[in-house]
Amino acid sequence: MQPFENVNFVNDDTVVLSPGEVYFGHKHKKVQTLLGSCVAVTVWHEKHKVGGMCHYLIAEQKNKDKFQQNNFRYGVNCLNYLLNKMNLYPPINEFELKLYGGSNMYEGVISPSIGVTNVTLAKSWAASLQLTFIEEDILGNDCRTLVLNLLTGKTSLKRYQQE
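First things first, this report covers the structure right here in the doc. Please read all numbers here as calculations on a predicted model, not as lab measurements. (Residues numbered from 1 in each chain as written. Predicted model: local features only at pLDDT ≥ 70, side-chain atom pairs only at ≥ 80, totals over all residues. Heavy atoms only, no water.)

## Side note on the overall build of the protein chain
So, point 1. The secondary structure content of the protein chain amounts to 2 helices and 10 strands.
So, point 2. Moving toward the C terminus, one meets the helices and strands of the protein chain in the order β-β-β-β-β-β-α-β-α-β-β-β.
So, point 3. Counting the 163 residues in the protein chain, one finds 47% classified as buried.
So, point 4. In the protein chain, of all internal contacts separated by at least 6 residues, the share reaching a separation of at least 24 is 59%.
So, point 5. Approximately 8800 Å² of the protein chain is accessible, and the part contributed by carbon and sulfur atoms is 50%. (Helix = DSSP H or I, 4+ residues; strand = E, 2+ residues; numbered from the N terminus. Buried < 20%, exposed > 50% of the residue type's maximum accessible area, 1.4 Å probe, protein only. Contact = heavy atoms within 4.5 Å. Areas by Shrake-Rupley, 256 points an atom, 1.4 Å probe, with all protein chains shown as cover.)

## Examining the packing of helix α1 (residues 75-86) against helix α2 (residues 114-128)
So, point 1. For the pair α1 and α2, interaxial distance at closest approach is 10 Å and the crossing angle is 30°. With respect to each other, α1 and α2 are oriented roughly parallel. The handedness of the crossing between α1 and α2 is right-handed. Note on element contacts: α2 touches α1 through Leu-121, Ala-122 and Trp-125, opposite Gly-75, Val-76, Leu-79, Asn-80, Leu-83 and Met-86.
So, point 2. Residue classes in the contact of α1 with α2 are distributed as 7 nonpolar, 2 polar and no charged. (Axes fitted to C-alpha atoms, helices over the stretch in contact; angles between N-to-C directions. Parallel < 35°, antiparallel > 145°, perpendicular 65-115°, else oblique. Left-handed = near helix turned anticlockwise from the far one by under 90°. Nonpolar A, V, L, I, M, F, W, Y, C, P; charged D, E, K, R; others polar.)

Structure follows, in structure tokens:
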């Protein structure tokens, strides 16, 4: 799977990411997604006006024998993809990182929840690179709609309570 395969374009300005997709660039004005237990990491470089978002379902692939580097359902792959793109615009510590999602959508099913595991991976990844998230809206029980403005790096977020 390629990073842009099956990415939905609402129009020429907006890219809509489904779970397991990632976008990095500057050709579009906005990237948006809908989150539950999935996690989205956004990156944006003010000087270069470039950024992206990944939307992953599961932290990492359990079966290492069948590892697929370009399967972006897994956080490890999404975050490595973003890092490779960020490395094209050094130093990477000039990127603004934000973290969203990781809700507990299936209370009591697994411990730790998928959301907690997804958030833990993102935080570990950033810490290993000596990067920090300047904004977080994580965990809880709400769904979220997230929009990243690639012109400004600003994000907008709307929460929805589960019924």
